[in-house]
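# Reading the structure
One letter stands for each residue in the lines below.
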Amino acid sequence: MNRLTKDIFSCNAVRLAINILTVYVCYFVCRVAFLAENWAIFEQGMTLPTLLKVMRGGVLFDNSAIFYTNALVILLYLLPLAAKERGWYWNMTRWIYVVINSLCVLLNLGDSAFFEFRKHRTSLAVFSEFKGEDNIGGIVGVELVNHWYFVLLFAGLTALLWCLYLKPATPTRPRLRYYLTQSISLLLFVPVTLFAMRGNTFFSATRPIAVSFAHNYADEPVQTGIVLNTPFSIIRSVNHVPKETPVFFATQEELDAVYSPVHYPADSVQPNHKNIVILIVESFAAEFVGGLNRDLDGGTYRGYTPFFDEMLEKGTWFDQSFANTYYSIDAPPAVLASIPRMDTPFVLSPYSLNHIGSIASETAKAGYTTAFFHGADNQSLGINAFVTSVGFENYYGKDEYLADKRFGGMDDFDGKWGIWDEPFLQYFNTKLSEMPEPFMASVFTLSSHHPFKIPEQYRDTFPDEGLHQLHKCIRYTDHSLRRFFESASQQPWYDHTVFVITADHSSSKRTHDIYFTSVGDFRIPILIYDPSGEIAPGRRPGIIQQIDIMPTLLNHIGYDRPYVAFGKDALNTPAEESWAFNWDLCPQYLQGDYVLRGDGTKVTDIFDYVHDPLLEHNLIDTFPDSLRQPMTDRMNAFIQAYMQRMKTDTAHL
């Protein structure tokens, strides 16, 4: 070994990197063992390109798990403290390294044996699910015997971790050199560790990767089992252990008699093959729409959406319209798959890898082309992963926009989130015109968001009016919608298309008291527009919510197959039977003029939200049982049906 090689291998950072590389080898071996053990599950459709894609995605999730679990080892190894340079300290560090990583190996190999039963990687939900069982030890014992080769592999990989572990070679003197090299090494490893834990860059508008991101690297939902590793699944499910499924109704028949999410087509249904276009508008709260607030400020309120106000005269809308969401990541599940937020975002829940249907997967069965558009970074919020998992054939984000030379490229980048709404909606219109009909497409806008900027050329057109900077962004997005409909109306597909405009959620930038309540906080516009006039325009009595969009549109196009959607067909539900449900801090159920709030087990508050919009008078003690009980049963049935189907992965047909 020459001097240079000797110097390199005497560097602490290099020796630590070699130790981490050994862990990568163990994870790779575990993934190969996992794939081999479950090959019968994955064999169909497993082409070489698919295999390479899932293995490449696996490295991303291994990065996160390895650096999460070895963060303490990295700190102990590189801590610039000369006093720690003792034999007992390095023996302790070695034991921590081997124990932690051998435990991760054990979890991965264990999942190799049990994956065939659950079709999911293990999360904390499993420990909660089986905590009351007393035969787990026996089951594990039997599987150890049946999978004796995994026991040998575990022993071999543990020995590998122990034998290949490299202790530091840094001398304690001279002290200055020691502190300098250790400090520099630690400073270098800190951003590497944080980057790996996060799973994506610090500079793009994205969240750290979650379990649901595995869909980006899988052609089929079951293949996410290869992409993921068990330590990552467990780490990411901390604080996301599912609630116990409440049992309000003892039998399935009793539950279904009150509420069922299964929709069956009428015998007389006739498909009309209309195109579907859904526009999800960032932070488009009902408060911003002048046409929905004619009585506000003594009748002087005008809002910030002159174009949407015009569309209210052309489209169909309801007396009451609500979000089932609280954050942007809640919106695609609610709007596109009829999956509400249930105290936590679906994509961050233990059910994020469940098999669920969507308006895309259902219309695809009827021969529709499907696509989703979002002008942000392609990994932003994990939306790409979600829409891919629920059946959208194509995804168009910032990358695709920038690659299309017909448009403005980086000149249309807002410098933070993605492509300005106006050019991206024009891009959306262009791509729709290139899609084979019938098509189902959705776009998610982004400009009405912090840091509340608009393109420079509109600075004087939409000035900051002083109440909040978001308002000028809403005006700009409303203008962008006008430009989109002007362009779309010139296309041959326009008159044979049904449009929906809604929000991803309401806004925290409220200025009127009625929008600060637990009901007002969920008020958003939902407008259905059919240029052909088959859906009569105008205001309708009743309630509509985001999870109603999927069943309403599927029924409108004459979809002739049964499907699961937790919402209702708003156009064909009598006003007195229409309802809405949302759950952020507490579950609340709305029907007629009333809202019931609960704690998940019982009703705690009842308000007449129509005549008491500030929710000042709790009717819990005076509300007649003849009204309370049917509403309570409906809310409880919705909660039980949702949790039951999610826990058993039956939110699909």
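It should be emphasised that the depicted structure is a prediction, and the values quoted were computed from it without experimental measurement.

### Considerations on the pattern of salt bridges
Considering all chains together, one arrives at 20 salt bridges under this definition. Notably, a salt bridge pairs Arg510 with Asp521, separated by 2.6 Å at the nearest N-O pair. Remark: Asp521 occurs in the loop between strand E7 (497-503) and strand E8 (526-529) and Arg510 occurs in the loop between E7 and E8; sequence separation between them is 11 residues.

### Concerning the side chain of Asn324
Within the secondary structure, Asn324 sits in the loop between strand E3 (316-322) and helix H15 (331-337). Setting aside residues up to four positions removed in sequence, Asn324 forms contacts with Ala334, Pro340, Arg341, Gln545, Gln546, Ile547, Phe581 and Asn582.

### A closer look at the environment of Thr370
With respect to the element layout, Thr370 can be found in strand E4 (residues 369-374). On the accessibility criterion, Thr370 (0% relative accessible area) is buried. Once the C-alpha coordinates of Thr370 and Glu253 are considered, the two residues, 117 residues apart in sequence, prove to be 36 Å apart. In contact with Thr370, not counting residues within four places along its chain, are Ala360, Thr363, Gly391, Phe392, Glu393, Asn394, Met435 and Met440.

### Some words on the packing of aromatic side chains
Considering all chains together, one arrives at 52 aromatic pairs under this definition. Ring centres 6.1 Å apart and planes at 70 degrees place the aromatic pair Phe322 and Tyr609 in the edge-to-face group. Taken as a pair, Phe322 in strand E3 and Tyr609 in the loop between strand E14 (603-608) and helix H22 (625-647) lie far apart in primary sequence, 287 residues in all. Of the two residues, Phe322 and Tyr609, both sit in the buried class. Between Tyr401 and Phe407, the ring centres sit 5.5 Å apart and the planes meet at 45 degrees, which makes this aromatic pair tilted.

### Digging into the nonpolar core
Counting 133 residues, the largest nonpolar core has Ile278, Leu279, Phe485 and Phe566 as its most contacted members. If you tally residues by element for this core, the top one is H22, at nine residues. The contact partners of Phe485, leaving out residues within four places of it in the chain, are Leu279, Phe307, Met311, Tyr494, Phe499, Ile501 and Tyr529. Counting 52 residues, the second-largest nonpolar core is a separate cluster that includes Leu16, Ala33, Trp90 and Ile226.

### Re helix H21 (residues 549-556)
Counting buried residues along H21, seven of its eight residues qualify, which places the element largely inside the surrounding structure. Turning to H21, its buried residues are Ile549, Met550, Pro551, Thr552, Leu553, Leu554 and His556. Positive backbone phi, at 75 degrees, marks Gly558, one or two positions downstream of H21.

About the cut-offs
Residues numbered from 1 in each chain as written. Predicted model: local features only at pLDDT ≥ 70, side-chain atom pairs only at ≥ 80, totals over all residues. Heavy atoms only, no water. Salt bridge = Lys/Arg side-chain N within 4 Å of Asp/Glu carboxyl O. Helix = DSSP H or I, 4+ residues; strand = E, 2+ residues; numbered from the N terminus. Contact = heavy atoms within 4.5 Å. Buried < 20%, exposed > 50% of the residue type's maximum accessible area, 1.4 Å probe, protein only. Phe/Tyr/Trp six-rings, centres within 6.5 Å; stacked < 30°, edge-to-face > 60°. Core = buried A, V, L, I, M, F, W, Y, C linked by side-chain atoms within 4.5 Å.

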